[in-house]
Amino acid sequence: MSGAALGLEIVFVFFLALFLLHRYGDFKKQHRLVIIATLLAWYLCFLIVFILPLDVSTTIYNRCKLAVNSSPAESNGSYVTLAPSKQKCFKPWSYIPNGIMPIFWRVVYWTSQFLTWILLPFMQSYARSGGFSITGKIKTALIENAIYYGTYLLIFGAFLIYVAVNPNFNLQWNQLQTIGIAAANTWGLFLLVLLLGYGLVEIPRSHWNGAKRGYLLMKTYFKAAKLMTEKADAEENLEDIMEEVRKVSESIKYNHPLRKCVDTILKKCPTEYQERMGRNMDDYEDFDERQNSYPSEKSLVKLHKQVIYSVQRHRRTQVQWQILLEQAFYLEDVAKNETSATRQFVHTFHSQEPENKIIRYFYTPTVEWYWECLLRPWFYRVLAVVLATFSVIVVWSECTFFSTKPVLSLFAVFIQLAEKTYNYIYIEMACFLTIFFLSICVYSTVFRIRVFNYYYLASHHQTDAYSLLFSGMLFCRLTPPLCLNFLGLTHMDATISHKNTQPTAYTSIMGSMRVLSFIADGFYIYYPMLVVILCIATYFSLGTRCLNLLGFQQFMGDSEMTSDLIDEGKELIRREKRKRQRQEEGENRRREWKERYGNRDDSTRNRAVHTDQKESSFSETNTNRSLSKYTRSNGRTERDRIELLQDAEPLDFNADSINDDPLEADSGRYQPGGRYLSMSRSKIFDDV
């Protein structure tokens, strides 16, 4: 069992990261390198969070062994017995042998740092580039990241020159490495506290509001109004871009050197626009470079970039609109079913996705009614209270974790109590719940924030490559300081506890922060206290009110603009609901008509075909008889009939002359002049 726990968690975390990436990314349409890089970044960050509790339990056992080795002891199987006090150091079930964890943390940490500072920024620029070749995209990415990389190199070079000139500093390679790690962790801790202050308040509040059906429905109406505006803007933007593409496609002909670039742009356009542009193309016209002015390759690169962005945004808004409609319809169904006397949940519309028979067998309409109308609100309230309690403990510990005598951090108290009895299961569970809650508060904020249209994580495979890579960068920069903050809260970091004990393997690869005392004794200790101010600001929605004043509509119950958007969204949902009801009614009528009259129509059709066959055979017989009669009576030859057909003139419906051939009059009611006999005699329509 020494390495089984580590192996199981490595496999489990991989599938967890793969599941989340599949929910937000699109494996079929996005580039494989983007998927692999994002998956690797998410996987390494989640792996650190899940493996760190095992490192803590292993470190506590190693400390016990060091204490035993420093006093008379005797070995007994899988544990060591301390001779004077008869204390036992049991080996934890998830114990990891010495030498494995330092190598593991070193590989994970430096790989994540390489991703977040070098590879992922480069791939972001590569993914947003509109170049038509790999070389062109790499060139664009290098130019865009030149300032980004140059700034870091300039700062690092100035620091090295300062160290080399100043005789008071005698830094070695390990100390330089520690300074680099400290700089990265300082940047990450600055962002970590901001995101943590928002998540500690917003997560419990969102679950508490989740128990309010009216609140959720009003917020859904508000989102519908905002999303419809964004959807209309995306459609208008796509139309404008497609119009530019059409003009470029018509100006650059098939034998132009840049025609391959235009074809690449056309492939990125929606199918209906491709068909429309294909019908208007004239590939038989050659281009004349002297008469017409053609766009340059640089302008085509810019247009290609705009096409990729506009198509992705249009597709995302369309999918999000359908998802929001389903959510609004479901919330309205819940509001209607709350007063149901039958206590069975009735849906207005059937689910568009195929239902799982096993789930429907257990999750019956009665079970669904009890869960949605009775149990779910109470479950959300209880969960909100539990999460709020965790948030209060985190805030208290963040403000008091620097105190070692007495120990005021509640997480440190819990771990030290378990350490006395060497209850490793309790230690690992306490560590896991603590760091898992901190990770949820931070990572959920990363998934929720939206920086205009440049960074936005949208579920149901609607996240673009730039946002996926940016999220991987944030995760890799936030996870190391998050773990250091967790070790400080539990007093497992020697820098915080001020004890000369064996550090965890994770802390050992970070090096001693004593090299930069103003960071170790100042910033790392007192800056996390800022989370109190951020929690208060989030509780009173100061950020939301500021954004609302700046013109960014936010959901606020006491705002007139919010009420107007709620009414607008309610009308939009009602309109879409009527449209879907008409569609379902039409489908039901067609289905009933087919079930009721389908067999009868088939039999009627068969009888009609049989009757037509009889009538056709009968008419052929009569025609043959009449032909033979006319042949005998009139005695026309084949040559006369041919001459008659050659002398016939085309029908003129305005002609006044009428042919009075008795044969034509007897055989039919139509005359060569283009009129019927009844019309020619009465002349009723002559004045029309």
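What you are looking at is a predicted structure, and each value in this text was computed from that prediction instead of being measured. (Residues numbered from 1 in each chain as written. Predicted model: local features only at pLDDT ≥ 70, side-chain atom pairs only at ≥ 80, totals over all residues. Heavy atoms only, no water.)

A.B. asks: Honestly, the nonpolar core in this entry has me stumped. Any pointers?
C.D. replies: In summary, soluble globular proteins display a tendency toward joint burial of nonpolar side chains. With 100 residues, the main nonpolar core has Trp42, Trp105, Leu200 and Tyr506 as its most contacted residues. With residues up to four places along the chain from it excluded, the contact list for Trp105 reads Ile48, Ile51, Leu52, Asp55, Ala505, Tyr506 and Ile509. With 19 residues, the next largest nonpolar core counts Met242, Val245, Leu266 and Cys269 among its residues. (Core = buried A, V, L, I, M, F, W, Y, C linked by side-chain atoms within 4.5 Å. Buried < 20%, exposed > 50% of the residue type's maximum accessible area, 1.4 Å probe, protein only. Contact = heavy atoms within 4.5 Å.)

A.B. asks: Would you mind showing me how to read the UniProt feature "coiled-coil region" (unreviewed entry) in the chain here?
C.D. replies: Here the UniProt feature "coiled-coil region" (unreviewed entry) sits at residues 224-251. This span, residues 224-251, is 100% helix and 0% strand, and a straight line between its end C-alpha atoms measures 40 Å. (UniProt positions renumbered as here; feature names shortened; annotations may be inferred. Helix = DSSP H or I, 4+ residues; strand = E, 2+ residues; numbered from the N terminus.)

A.B. asks: When you look at the environment of Val346 in this model, what are you seeing that I'm missing?
C.D. replies: In this fold, Val346 is placed in the loop between α9 (297-337) and α10 (357-362). Taking relative accessible area as the criterion, Val346 reaches 53% and is therefore assigned exposed. Separated by 23 residues in sequence, Val346 and Trp369 place their C-alpha atoms 8.5 Å apart.

A.B. asks: I tried to follow the packing of aromatic side chains on my own but got confused; where do I start?
C.D. replies: Any aromatic ring pair is given by two values, namely how distant the centres are and how the planes are angled relative to each other. Scanning the model with the defined rule gives 32 aromatic pairs in all. Ring centres of Trp105 and Tyr506 lie 5.1 Å apart, and the angle between their planes is 80 degrees; this geometry places the pair in the edge-to-face category. Of this pair, Trp105 sits in helix α3 (residues 100-128) while Tyr506 sits in helix α16 (residues 505-510), and the two are 401 residues apart along the sequence. For Trp105, a relative accessible area of 0% gives the class buried. (Phe/Tyr/Trp six-rings, centres within 6.5 Å; stacked < 30°, edge-to-face > 60°.)

A.B. asks: How do you make sense of the UniProt feature "transmembrane region" (unreviewed entry) in the chain when you look at a structure like this?
C.D. replies: According to UniProt, the feature "transmembrane region" (unreviewed entry) maps to residues 6-21, 33-52, 103-126, 146-165, 177-201, 378-396, 425-446 and 523-542 in the numbering used here. The annotated region residues 6-21 carries 100% helix and 0% strand content, and the separation between its end C-alpha atoms amounts to 23 Å. Within the segment residues 33-52, helix and strand shares are 100% and 0% respectively, and the terminal C-alpha atoms sit 29 Å apart.

A.B. asks: Before we go on, may I ask you to explain unusual backbone geometry in this structure?
C.D. replies: What you tend to see is this: most non-glycine residues have negative phi, and most peptide bonds are trans. Cis geometry marks the peptide bond from Lys405 to Pro406, where omega comes out at 0 degrees. Take Pro406: it is sitting in the loop between α11 (365-400) and α12 (410-421). Of note in this structure, His460 is not a glycine but carries a positive phi near 60 degrees. Within the secondary structure, His460 sits in the loop between β5 (455-456) and α14 (465-489). Backbone geometry at Ser541 places phi at a positive 55 degrees, although glycine is not the residue there.

A.B. asks: It is not clear to me how α12 should be interpreted in this structure. Could you clarify?
C.D. replies: Think of an α-helix as 3.6 residues a turn; residues three or four steps apart then line up on the same face. Taking 1.5 Å of rise per residue, the 12 residues of α12 would be expected to cover 16 Å, and the 18 Å separating its terminal C-alpha atoms lies within 8% of that figure. Within the span of α12, buried status applies to Phe411, Ala412, Ile415 and Ala418. Projected onto a plane normal to the axis of α12, the buried residues spread over an arc of 135 degrees and lie on a single side. In α12, those exposed residues whose orientation departs by more than 90 degrees from the buried face are Lys420 and Thr421. (Expected span 1.5 Å × (residues − 1). Arc of directions from axis to C-beta.)

A.B. asks: Help me out: how do you make sense of a nonpolar patch on the surface in this one?
C.D. replies: The grouping of Trp396, Leu408, Leu410, Phe414 and Tyr426 at the surface amounts to a nonpolar patch, some 430 Å² of accessible area in total. Within the element layout of this structure, Phe414 appears in helix α12. (Patch = residues over 30% accessible without salt bridge, like charges linked within 9 Å, V, L, I, M, F, W, Y side chains within 5 Å. Areas by Shrake-Rupley, 256 points an atom, 1.4 Å probe, with all protein chains shown as cover. Salt bridge = Lys/Arg side-chain N within 4 Å of Asp/Glu carboxyl O.)

A.B. asks: What is the right way to look at a negative patch on the surface in this model?
C.D. replies: A surface patch of like charges, here negative, comprises Glu236, Glu239, Asp240 and Glu244. Inspection of the secondary structure puts Glu239 in helix α6 (residues 213-251). (Lys, Arg positive; Asp, Glu negative; His and termini not counted. Charge placed at Lys NZ, Arg CZ, Asp CG, Glu CD.)

A.B. asks: Can you walk me through the pattern of salt bridges in this structure?
C.D. replies: Oppositely charged side chains can pair when the atoms bearing their charge come close. All chains considered together, the criterion is met by 13 salt bridges. We note a salt bridge from Glu250 to Arg246, for which the minimum N-O separation is 2.8 Å. Of this pair, Glu250 and Arg246 both sit in helix α6, four residues apart, roughly one helical turn. Judged by relative accessible area, Glu250 falls into the partly exposed class, the value being 31%. With a relative accessible area of 26%, Arg246 lands in the partly exposed category. A salt bridge links Lys579 to Glu576; its shortest N-O distance comes to 3.8 Å. Taken together, the residues Lys579 and Glu576, both in helix α20 (residues 560-634) and three residues apart, mark about one turn of the helix. Given a relative accessible area of 36%, Lys579 falls into the partly exposed group. On the accessibility criterion, Glu576 (18% relative accessible area) is buried.

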